[in-house]
Each structure stands twice: as structure tokens, then as C-alpha cells.
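These are the residues of each chain, in order.
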Amino acid sequence: MAQTETDGLEVLETREWVDSLDYVLKKGGPNRAGRLLQQLALHARREGGINLPFTATTPYQNTIPTRQQPPFPGSQEMERRIKSLVRWNALAMVVRANKIQEGIGGHISTFASAATLYEVAFNHFFRAQTESGDRDVVYFQGHAAPGIYSRAYLEGRISKEKLQNFRRELKPGGGLSSYPHPWLMPEFWEFPTVSMGLGPIQAIYHARFIKYLENRGLKQSTGGKVWAFLGDGEMDEPESLGSITLASRERLDNLIFVVNCNLQRLDGPVRGNGKIIQELEAIFRGAGWNVIKCIWGSDWDNLIQNDRDGLLVRRLGEVSDGQYQKYFVESGAYFRQNLFGSDPRLLKMVEHLSDDQLARMRLGGHDPIKVHAAFRAAVETTGAPTIVLAKTIKGYGLGEAGEGKNITHQQKKLNEDELQMFRSRFGIPIPDDELHLAPFYRPSDDSAEIKYMQSRRQQLGGYMPTRKVRAAALKSVPDSHFEEFHKGTDAREVSTTMVFVRLLAKLLRDPELGKLIVPIVPDEARTFGMEALFRQVGIYSSVGQNYEPVDMDTLLYYKEAKNGQILEEGITESGSMCSFIAAGTAYANHGINTIPFFIYYSMFGFQRIGDLIWAAADMRCRGFLVGGTAGRTTLAGEGLQHQDGHSHVLALPVPNLLCYDPAFAYEIAIIIQDGIKRMYVDQESIFYYLTVGNEPLAMPDLPQGSNVREGVLKGLYRFKSSPKADAKVRAQLLGSGAIMFEVLKAQQILEDKYGVAADVWSVTSYKELYRNANDCERWNMLHPAEAAKVPYVTETLKDAPGPFIAASDYMKVLPESLGKWVPGQLVSLGTDGFGRSESRTALRDFFEVDAKHIVLATLGALAREKKIGIDIVKRAIEELGINPDKANPAVS
């Protein structure tokens, strides 16, 4: 049989089957048709041995067929005019900024491609307040910030002066930040998203945290959605995809991702040789998400509906993204020849369309009807999260200045001809003689456009984005919760981790405060001795506990509950940090003063999730980060990858983070009590980092003296004076964390063996001392004619004689940061270098932070000051068993 005859029969058979399926759809509906297809597939496998090829993707067409599109609820023409105004002012903002100052930056093309996505959402979906009093939460794509500012300008929320100072925040009257930054614009932005990848993962955990609040009875179930607007290039970030199965596992139908698939990243195509929409569809469908593809605009409807044989859809699925990008920048004739010219039947399908008509055929992401249908389906989905994959053109509307081109992401300037083209294309009423100024344009308040905008936002509950503190201040926490820890433990040894867990358990029992506490742990609760909390407050699970745990017969069994309080996140510090951020910003986002305590291996904090911690700071997050098993030598046995000796150094750059390395139980109690007061009673925009260790030690009583509490909080106080008040040779020992106990041993050795009287000081926070000293330095520089301010560390140590020996379980640079303000010779002992798998004793000897090395450092400093002879130092090396030729731990 001839090939053409065979092809004809196949076409005829296919049409008969399609007609039959259409009949079943019409008479039995989609569910019946689906069951029939499943039965046919099973029959083919059983009887014919036919295994259908696996595919995680659907054809390269819109998920929602035209016949299922809901009516568009607004005025398309009015919304087009408003969108054009937003586009113009966003472009003008960036162009003007770069005319004023070369290289100030800004981005035009991202918002240009996403304008329709945002305008449809602003007019019909973003709810600033739901009927039940809640609201939607929106993570705006960071590079689209100019468009969001532009819309707020039209709404009357941002002045023209602010727009003129885009990316010039230090100008008189202030300006606008480059990207979303709540720290810089605390009444406008809520989420910093331009560190790409952080928006998606935060949105997932935020949506889950909302369910957590609802299941625990802290918040009513309201139907509010979490929207995350993302770029297709951004989806390459590990954080973008790393937690998507959590969203489906938790059935987060309050979560919607909108991915602007303009096919381009900064340098070129996202997938030049592939298809990013199909790739993302496969990933998210496989993870259990509801996937909605919005690829083709209404101009394509008739072509696709008349494609009975699937020839056109198959051809559309064959073309790579890199080739589509080429189509976008070429003529209609090129488009016709290269896309449709591969088959005469395809050319026949478009013979009624001119080249100009072909060139103007819109993509789905630029068609408000298609976008509205996709968003409506997304908000109505139940039982699963949704991702909308919207195909757009990067730099849409820029024409020759950058539409669809690889250079468009960096486009900052347009010449007058390009401005004229843009102005004319979108109908902006600006005369030619003013175009070179790229002026802003806003119609009067009584214009049809402004009235329509205001009406739509009023119906949706108000403006977005808007950030406000929605929670009232808490009452002070009773002192009784903390007094137990002011007393020593006598001979009983406890680790500071156990002290923290004991304090946390007490706070959880408080009838008012307890319900607000959110313990967060990445699968290390037993390591930190937190298993008692399993029974006390339970582990959160959105479905409860549908199995009998293996340890059910034990007192401290693994108890999951729908109203459980512990967020047991599994092995994900990133996810845990996102839960911390969601809880720590709930005072603003949801009006609930949740107090997160995130405890984790300290090594896997700043080193692994520093970018998220920086974002938390930007968001004015509150709560306690607790670095457990902390200290390079305190965590015995685990070795190089686990032993943290630098997290306090990595914490230095975060401006609103207070850092403490407490040694004693009462220090922990004082710090946490003051932290709750400052964050939740005084409502300061700060958060805390505490390090706690797992070494059992006898805890002392809170020393008598009015300045101890102040010293703990400011970072330094005298813990133990030498009993030898009349000694001629004196020194000052500064200790932190678990190394404080080595310092105390050294104090005794110095007095007993070498006649040196040493006072012991507890340094709870080098960062607080450093911050205070720099504040004084700056004030003194700016006020030279006034009495100089004295740093707290200088004032506190001013009468302390002798050299200062500082020892900690962290890098030497930490004490050395105070060198210029310490009133005497400062010697720093620390744990520079890689860790080892060894005992604490061996590790402290290796890193030279144990008692004998503290003694040696003290004697050496005294010898340099001519207080003792060098022979005493040499003798001490022998007596203490120190090997002077041992390898340098910092580099070995």
C-alpha cells in the first residue's frame, strides 16, 4: 500500500476516534471520558503489549480551552488604558533616572513582559482584605518593582517626587528603593524577593504557616491566597524547586505561583534548545501541583480549534524556545515561512492572515482574557497548590529598543525615536516636544481611568502592596518564668542547650504567651534534648497522626497532631528558616505575635542560609535563632563539617541581629527575657542569635551586683574577681560560652602556680560591644567640640590592671575586633581552622584554647610588659606540657 494511502487511512481513523471521544464527552462528561481512556490504555497494555510512553507534559497549548473561559468581569478597554499608563511611568522612571545619573540602573523589560499578569491580578484578584477580614499575600517579582511603583503613583500613594528619586533614596524627601525592601520602605514593601529563589521557597512555607495558624486556632480560615510572581530563569535556583513537594504534600491550595515565562534570563535564553514551560510543567505535575499553561492569546483560538488533526499543536511543540525568541524579533513573513512553512497544510491554515496580522498575534501572558481565566481557575482550585505558566515576550512594547532581544534585561535608556514609538503604541498623551524629558503622566483624579482603578481596589479591600504592623504589643512576661535560672545547679551538671530547652518548656506552659511560641527544628530535636516537648505540645501535622508510632509505649513518643505546636521540618535549614521568617513577621502580616525559636546545628546556620537570614533582617523579622551544639571544640567527635567556630563572625554584618554566646543559665534567661520585651512589648525591629552547647557543666548562681544584668545585655561584666586583691602581678581573663570554664581553670592555675591574680570577665556579646564602640567613635568624629563618648568596653575595663586575655570557641578575629578600645594589651585565643573528630580535651589543646594555653598566653603577655621574667614563661611551657613546635591549627 502506498505511503500516501496509509497516511490518509490514519487520518481517517484518527478522526473517527476523535469523533467518538467527542460523543462520549458530550453525553457522559469529562469524568466518563477519562475513565474510558484509562480502560483503553489498560486494554492496549493487556491485549497488545502496548505500553504508552510516559509523559509528564501535556500538549503545548493552553490548559483552559476557550469554551471553558469565564466571562471577563471588567472593561478590557479601560484596563488596557490603565496598563498603558503604568507601562509608561515605569519606563519613564528608569529612563529619567539614567539620564540624571549614568549607570544608576533599573529594569524595564521584566515589568514590560509581566504588565498584563499584574494588571489583571490588581483589578480582579489581589484582595487587600477578604470578606472574613483576612487578605491575600503577594510576593512581587523584584525586577518588576518599577511597575509596582508606577501603579502606586497612579493610585495617588507615591508622589512624583519619589518617582523622580527612584534609586536615589538619600535625596531630600527620600526616594524609592531599587527593589522590594521592607527595611527601607516599611509601609510599602513586605517581602524582599530580588535575591532570586528566596521568594518561591518563602511563599511555600508562608502558605503552610497560614495553615498552621488556622489548625492551631490562632487564625480563622479565610480563603486568603499566597501569590508568588516569579521569573522562568529564577526557577533554576535550587530554592525555587527544592520545597515544592512540601506544598503538594500539605495540599496548600492557598498557594499560587505565577511564572512569567518570557524565555529569557539576563544573558540569553532560559532554555534555548528546549522548552522551559514544558520542563516546568513536568516538574510541578510530577510533584503534585495543579499546572495551568497560558501560552497562546485569543488571536490563536480559531487556529487551534480548527486544528482537528493536531498538526498545528504538534508543530508548536516542536519549536525550541530559542527559535521562538527569533520569531518575536522578526517580521510576520519570517514567522509564516519558518513556523508554518514546514508543512503546506499549516500554510493553508494561515493563508487568510496577513503578515502584519501574524506578527501581532498575542501570547497568552499578554492577553487579559487568557490570564483572567488562568487566575480564576487557580483561585478556585482545591486540594493542591497551583502554578500558572504564562508565556510572554521580555521587553514587550519596547520595539527595536529591546523587545525580545538578549540585551533587553540591561536596557536602561531609550532615544527619542524609541520613546515616540512606545508613546504612540500605548496611546500616552504626551506631546513630541516633551518626549526627550520622559515626563511622568497621571490623569486627574476624576478621570475615568483613575476612578476605575480606585473602584477596583476599593472592592478588593484596599491598596497593595501595603505593609503595616497589625498586632498590638504584648504584656511583659512574668519574672517568675526566669527566676529558676538565676540559681545555680550546685554540683549537678547541665548543658546550656538543656537550660534553653527547660526555659522554652516553661514559656510554653504560660497561658497567654505559650500559645504564641513556635518551636522550629530541622530534624534534630532529640539531639537538643527536646523530645519532652513532643508530648507537651505535639508536632504539627496538617492531617494529625494516622499511624501508631513505633515508640507509642514510651513516655516521650513521637506525637503528631493537627494542633501540634512544634514545626519539625525535616532535614532542611532553608525550609526551617522560611518558617522562622513566616512566624517572625506574622505580627505585621497576620496581626499575630508569634514568637519563633529556631534551634539548629550552629554550623548549618549562617554558613548555609545566610541569604535567608539577611532577608529576615530586611523584613524586620522577630524571634530567636538558637545555634545548638555550638563551638568548634564543644561539639566533640563530629569533626570538620559540624564544628562551628565562626557563626558569630558571619553574624557581624546583619545590622538588626543581636548576637550572644552565653556561658551560664542565668545569662540565657536574662537575654531571652529582654529579647521578648524588646521585640514584642517594645516592638523593636530586631531579632536574636544565641549559641548554646551540649557540654554538661555546673551552672553558678547569678552574681550579686546591680550591673550584672546590664553587663549581660551589653556584652561584658566582671564574673569573678581574684581573691588576691593585694597581688603585685595582675591580669584580666575574658571568657565566653563553654570556654568560660577553661578560663576559670586558668584563673586558678595562675594564682596557685604563678602568683598571678586574674579577674574573670564574661563576654556575652562581642558584637554588642563592637557596635557600641563604633557608635561612640562615629559620634565623637561628628561632634569634635563636645565631650567624647567612651565605649562601654573601655569604661567597664578602665580600672582593670594588666593585660587582657580573651578566649572563646570562635575565631580570634572576634575579640580582636575590640582591640583599639580595650585599655591595655589584648591577646586573643580562638579556634581558627578546620575542626577535627576528637574529644573536647584534645580539641581544646589542638586549638590552644584550653586552660593551659590561656595560662601561657597570660604569662607571655605579662613578660612582654616586663611584669615577669621570660624564664617563667619558658618554665610554664614545660610544666604545662605544651609542645611549642606543634602544627598551627589555623592552617593544618
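A brief report on the enclosed structure follows. Residue positions are counted from 1 within each chain, in the order its sequence is given. Residue-level local features of this predicted model are given only where pLDDT is at least 70; pairs of side-chain atoms are given and counted only at 80 or more, and the full residue set underlies all totals for whole chains, interfaces and linings. Excluding hydrogens and water, the side-chain figures rest on all heavy atoms present in the structure.

Let's shift gears to the overall build of the protein. By definition, any uninterrupted DSSP run of H or I lasting at least four residues is a helix, any uninterrupted run of E lasting at least two residues is a strand, and each is numbered from the N terminus. Across its full length, the protein carries 34 helices and 20 strands. Principal-axis analysis of the C-alpha atoms places the extent of the protein at approximately 110 × 75 × 55 Å. Looking at the protein as a whole, 58% of its 892 residues are labelled buried. By sequence separation, contacts in the protein at least 24 residues apart represent 77% of the contacts at least 6 residues apart. Counted as positive: Lys and Arg. Counted as negative: Asp and Glu, with His and the chain ends omitted from the count. Where a charge lies is defined by one atom per residue type, namely NZ (Lys), CZ (Arg), CG (Asp) and CD (Glu). Of the charged side chains in the protein, 103 are positive and 107 negative; the average position of the first set lies 3 Å away from that of the second. Three labels apply to residues, based on accessible area from a 1.4 Å probe with only protein chains included: buried if under 20% of the type maximum, exposed if over 50%, partly exposed otherwise in between. Contact between two residues is taken to exist if any of their heavy atoms lie within 4.5 Å; hydrogens are not considered.

Okay, the sheet that holds strand β1 (residues 137-139) next. Any two strands are treated as partners once DSSP identifies two or more bridges connecting them. What the five strands build is an open sheet, ordered β1-β2-β3-β5-β4; its pairing is parallel. Every other strand in the sheet has two partners, leaving β1 and β4 (290-294) as the edge strands with one partner each. Across the sheet, the mean angle separating the axes of adjacent strands is 15° when strand polarity is ignored. Alignment of β1 against strand β2 (residues 226-231), held across three bridges, turns out to be parallel. Paired with Val138 across the bridge in β2 is Trp227. Where helices are involved, their axes are fitted lines through C-alpha atoms of the stretch in contact, as for all axes, and angles between N-to-C directions lie from 0 to 180°. Contacting β3 (255-261), β4 and β5 (386-391), helix α9 (residues 276-286) crosses the sheet at an angle of about 165° to β4.

Turning our eyes to something else, we now look at helix α24 (residues 606-618). For a helix, the expected span equals 1.5 Å multiplied by the number of residues minus one. Taking 1.5 Å of rise per residue, 13 residues should cover 18 Å, yet α24 covers just 15 Å from first to last C-alpha, more than 12% shy of that figure. Turning to α24, its buried residues number three or more, namely Phe606, Ile609, Leu612, Ile613, Ala615, Ala616, Ala617 and Asp618. In the segment just after α24, Arg620 is the residue with positive phi, at about 60°.

Time to look at the environment of Ala617. Topologically, Ala617 is positioned in helix α24. Ignoring any residue separated from it by four or fewer positions in sequence, one finds Ala617 in contact with Trp183, Val654, Asn656 and Phe687.

Once that is clear, we can look at the pairing of β2. β2 sits mainly inside the fold: six of its six residues count as buried. Residues Val226, Ala228 and Leu230 line one face of β2 and the alternating positions Trp227, Phe229 and Gly231 line the opposite face, and both faces are buried.

Backbone hydrogen bonds are what pair the strands of a sheet, in a parallel or an antiparallel way. Read across the sheet, six strands follow the order β10-β7-β11-β12-β14-β13 without closing on themselves; strand pairing throughout is parallel. Whereas interior strands pair on both sides, the edge strands pair on one side only; in this sheet they are β10 (567-568) and β13 (657-660). Packing against the sheet, α24 makes contact with β11 (595-601), β12 (624-628), β13 and β14 (687-691), and its axis sits at approximately 155° to β14.

It is worth spelling out a nonpolar patch on the surface at this point. Exposure above 30% relative accessible area and the lack of any salt bridge qualify a residue for a patch; like charges then connect within 9 Å, and the nonpolar side chains Val, Leu, Ile, Met, Phe, Trp and Tyr within 5 Å. Areas reported as accessible are Shrake-Rupley estimates using a 1.4 Å probe. Residue values count occlusion only from the protein chains shown. Here a salt bridge means any side-chain nitrogen of Lys or Arg lying within 4 Å of a carboxyl oxygen belonging to Asp or Glu. Taken together, the side chains of Trp17, Leu37 and Leu40 make up a nonpolar region of the molecular surface, amounting to roughly 330 Å² of accessible area. Its location among the elements puts Trp17 in helix α1 (residues 3-48). Note on Trp17: relative accessible area 59%, which makes it exposed.

Cysteine sulfurs are considered disulfide-paired once they come within 2.5 Å of each other. Under the defined criterion, the tally for this structure stands at zero disulfides. The structure places no disulfide on Cys578, whose sulfur is separated from the nearest cysteine sulfur, that of Cys621, by 11 Å. Cysteine Cys776 shares no disulfide, and the gap to the nearest cysteine sulfur, in Cys659, comes to 19 Å.

In this model, helix α6 (residues 198-215) (18 residues) spans 26 Å end to end at C-alpha, consistent with the 26 Å of a helix rising 1.5 Å per residue. Counted residue by residue, α6 has 16 buried out of 18 residues, so it is predominantly covered. Two residues or fewer after α6 comes Gly217, characterised by a positive phi angle close to 80°.

Turning our attention to the pattern of salt bridges. The full count for this structure, using the stated rule, is 46 salt bridges. Across the salt bridge formed by Asp759 and Arg718, the nearest N and O atoms sit 2.7 Å from each other. Taken together, the residues Asp759 in strand β18 (residues 757-763) and Arg718 in strand β16 (residues 716-720) connect sequence positions 41 residues apart. Each of Glu119, Arg151, Glu155 and Arg157 takes part in one network of salt bridges that share partners.

In terms of burial, β11 is largely enclosed, as seven of its seven residues are buried. The pairing of strand β7 (residues 517-521) with β11 spans four bridges and is classified as parallel. Looking at the pairing, Ile517 lines up with Ile595 of β11. Bridge count for β11 against β12 is five bridges, and the pairing is parallel. Bridge pairing in β12 places Ile599 opposite Val626.

On to the packing of helix α3 (residues 109-124) against helix α18 (residues 448-459). In contact at an axis separation of 7 Å, α3 and α18 are set at 60° when each is read in the N-to-C sense. Compared by their axis directions, α3 and α18 come out oblique. Taking contact as the criterion, the partners of Ala121, Phe122, Asn123 and His124 in α3 are, on α18, Tyr452, Arg456 and Arg457. Here the term charged refers only to Asp, Glu, Lys and Arg, the term nonpolar to Ala, Val, Leu, Ile, Met, Phe, Trp, Tyr, Cys and Pro, and the term polar to all other amino acids, Gly among them. For the contact of α3 with α18, a count of residues per class yields three nonpolar, two polar and two charged. Comment on the angle field: the value is read as roughly parallel under 35 degrees, roughly antiparallel over 145, roughly perpendicular from 65 to 115, and oblique elsewhere.

Cis geometry marks the peptide bond from Met464 to Pro465; its omega dihedral reads -5°. Take Pro465: it is sitting in the loop between α18 and α19 (480-483). The phi torsion at Leu263 lies on the positive side, around 70°, for a residue other than glycine. Phi at Ala438 takes a positive value of approximately 50°, unusual for a residue other than glycine.

What counts as a ring pair is set by centres within 6.5 Å for rings of Phe, Tyr and Trp (its six-membered ring), and what kind of pair is set by the plane angle: stacked under 30 degrees, edge-to-face over 60, tilted for all other angles. Counted according to the given criterion, the structure contains 52 aromatic pairs. Each ring, one from Phe209 and one from Tyr212, has its centre 5.3 Å from the other, and the planes form 25°; the classification is stacked. Placement of both Phe209 and Tyr212 in helix α6 is noted, with a separation of three residues, approximately one turn of the helix. You can call Tyr212 buried: its relative accessible area is 0%. Aromatic pair Phe284 and Trp289: ring centres 4.9 Å apart, planes at 80°, arrangement edge-to-face. The residues Phe284 and Trp289 share a single accessibility class, namely buried. For a lysine, the NZ atom is tested; for an arginine, the CZ atom; a charge sits over a ring if that atom is within 6 Å of the ring centre and within 35 degrees of the ring normal. The residue whose ring lies beneath Arg622 is Tyr587, and the NZ or CZ to ring-centre distance is 3.6 Å.

Turning our eyes to something else, we now look at the side chain of Lys391. Here Lys391 lies in strand β5. Each polar contact in these results corresponds to two N or O atoms within 3.5 Å; when the atoms are within protein, one needs to be able to donate a hydrogen and the other to accept it, and residues that are neighboring in sequence are counted only if both atoms are side-chain atoms. Within the structure, Lys391 has its side chain in polar contact with the side chain of Tyr60 (distance 3.0 Å).

In contact at an axis separation of 8 Å, helix α2 (residues 76-100) and helix α4 (residues 145-154) are set at 120° when each is read in the N-to-C sense. Regarding the angle of α2 to α4, the classification is oblique. Considering the relative orientation of α2 and α4, their crossing is right-handed. Touching Ile82, Leu85, Val86, Asn89, Ala90, Met93 and Val94 of α2 are Pro146, Gly147, Tyr149, Ser150, Arg151, Tyr153 and Leu154, all from α4. Residues that form the contact of α2 with α4 fall into these classes: 10 nonpolar, three polar and one charged. For a crossing to be left-handed, the near helix must be turned anticlockwise from the far one by less than a right angle; the clockwise case is right-handed.

Relative to the assigned elements, Gly231 resides in strand β2. Among the residues examined, Gly231 registers a relative accessible area of 6% and is labelled buried. As a C-alpha pair, Gly231 and Cys261 span 30 residues in sequence and 6.4 Å in three-dimensional space.

A few words on the side chain of Arg456. Mapped onto the secondary structure, Arg456 falls in helix α18. Buried within the structure, Arg456 lacks any salt-bridge partner; its nearest side chain of opposite charge belongs to Glu79, at an N-O separation of 5.3 Å. A distance of 2.7 Å separates a polar side-chain atom of Arg456 from the backbone oxygen of Asn123. When residues no more than four places from it in sequence are discounted, the contact partners of Arg456 are Asn123 and His124.

Limitation: the analysis is restricted to geometry and does not speak to function.
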